[in-house]
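A look at the structure
Residue strings, one per chain:
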Amino acid sequence: MSSSTTEPRAAEGAAPRPPAGPTSVAPVRRSRVDLLPYLLVAPVMIFIACLALVPAVFTVVQSFFKVDALDPPTRFDGFGNFTRLWHAPAVIGSIGNTALYVVIGVTLSTLIGIGAAVVLQKPFRGRSLVIAILILPWAMPGVVEGILWTGIFDPNAGLINSVLSSLHLSDGNAVLLGQNRLLTIALIELVQVWQIAPLSVLLILAVLQLIPGELYEAAQIDGCTSWSAFRRITLPLARPGIAVTMVQAVIATLNVFDQPYVLNGAANTGASVTMQTYFISFQDLDFGQGYALSLLITIVTLLISLVVVRLVYRRVEL
């Protein structure tokens, strides 16, 4: 009797199995670098380099040289430009004025930005029109705003002095720019805040629109008041927008020029550091000191902006 086979027979016509052995790996093709994105970005990068980086490097280099049209030729001066700036009374006074501009401007624009953004957070009839009107002061040039506010500050027919006289808050003496340093800086900075506050409102409002409404509903169910919800939900989640708002306000106030120059001229009571850069460079023709002062303004702006971001900014994941 024949023995029965225990192994299954292979189906007829089936392809034979490959012999056992090491598996072969298909060669991996190297992906070619796509140069199209780089070619598209290259013109913009070249433009930025020519517009910003090259002048910045030129300013840094020239700040260590004596570049004076009245005292040629150009020669290396080391830290001489910075030393002369430190001993210039007009520059020292403008530094104090600019510090006041920064404190008043950043504080007011941030508070106004938070308050107006909270009001505009909830939809209401006419909200789009209000936002459109809100953008107008920010879109106007600083020189135009200075000219408009010149009429408001006019000592004879200006709005401010007329209101003070009507309310019997003045003793007959008109409020004039340039008489009192602190008052002059405060009034001038109000004009700049009127310009930069709309951008602060829009930046903070954009962040508030990302906060889920369910958070406020849950807080209301838990019995939180409006102030508690604002302090525990709105402010913490709006910190990225507040940080950006404060940085743009710092940059604007540190480099303020149009409003003080139009409203107060070259008077030391309201002159900013940027105005002194203009006077030194284009009136005194001492471009070396102008370059040095511009470099100092850039460094201070960067340092203050980094401090603000470090203290205020917090990453939020919704």
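Look up a bit, the structure's there.
Below you will find a few notes about this structure. The structure displayed is predicted, hence computed values, not measured ones.

Attention shifts here to a nonpolar patch on the surface. Residues L36, L40, V41, V44, M45, F47, I48 and L51 make up a contiguous nonpolar surface patch of about 810 Å² in total accessible area. Tracing the backbone through its elements, the reader meets M45 in helix α1 (residues 36-62).

Right, let's talk about the packing of α1 against helix α13 (residues 287-312) for a bit. In contact at an axis separation of 8 Å, α1 and α13 are set at 120 degrees when each is read in the N-to-C sense. Here the hand of the crossing between α1 and α13 comes out left-handed. Mapping the contact onto sequence places F58, T59, V60 and Q62 in α1 and G288, Y291, S294 and L295 in α13. Taken together, the residues of the contact of α1 with α13 break down into four nonpolar, four polar and no charged.

The next point concerns the side chain of S200. Looking at the secondary structure, you find S200 in helix α7 (residues 181-208). Among the residues examined, S200 registers a relative accessible area of 0% and is labelled buried.

Take helix α4 (residues 127-139) next. With 13 residues, α4 extends 19 Å from end C-alpha to end C-alpha; this agrees with the ideal 18 Å at 1.5 Å per step. Among the residues making up α4, those that are buried are R127, I131 and P137. When α4 is viewed along its axis, its buried side chains cluster within an angular range of 110 degrees and face the same direction. Exposed and oriented more than 90 degrees from the buried face of α4 are S128, L129, L136 and A139. Among the structural elements, α3 (89-121), α5 (142-152) and α7 are those in contact with the buried residues of α4.

Calculation notes
Position numbers for residues count from 1 along each chain, tracking the sequence in the order it is written. Local features in this predicted model are restricted to residues of pLDDT 70 or higher, and side-chain atom pairs are both shown and tallied only at a pLDDT of 80 or more, whereas totals for entire chains, interfaces and linings draw on every residue. The side-chain values count all of the structure's non-hydrogen atoms but skip hydrogen atoms and water molecules. Two distance rules govern patches: like charges are joined within 9 Å, and nonpolar side chains (Val, Leu, Ile, Met, Phe, Trp, Tyr) within 5 Å, applied only to residues with over 30% relative accessible area and no salt bridge. To be clear on the numbers: accessible area is Shrake-Rupley with a 1.4 Å probe, and residue cover counts the displayed protein chains and nothing else. Salt bridge, as applied in this entry: a Lys or Arg side-chain nitrogen positioned within 4 Å of an Asp or Glu carboxyl oxygen. Each helix corresponds to a stretch of at least 4 residues labelled H or I by DSSP, and each strand to a stretch of at least 2 residues labelled E; elements are numbered beginning at the N terminus. Between N-to-C directions, angles span 0 to 180 degrees; the directions come from axes that are lines fitted to C-alpha atoms, helices contributing only their stretch in contact. Left-handed describes a crossing whose near helix is turned anticlockwise from the far helix by less than a right angle; the clockwise case is right-handed. Throughout, a residue-residue contact means that at least one pair of heavy atoms, one from each residue, lies within 4.5 Å. Only Asp, Glu, Lys and Arg are considered charged, only Ala, Val, Leu, Ile, Met, Phe, Trp, Tyr, Cys and Pro nonpolar, and every remaining residue, Gly among them, polar. Think of it in three bands: with a 1.4 Å probe and only protein chains considered, a residue is buried below 20% of the maximum accessible area for its type, exposed above 50%, and partly exposed in between. For a helix, the expected span equals 1.5 Å multiplied by the number of residues minus one. Directions pointing from the helix axis toward each C-beta atom define the arc.

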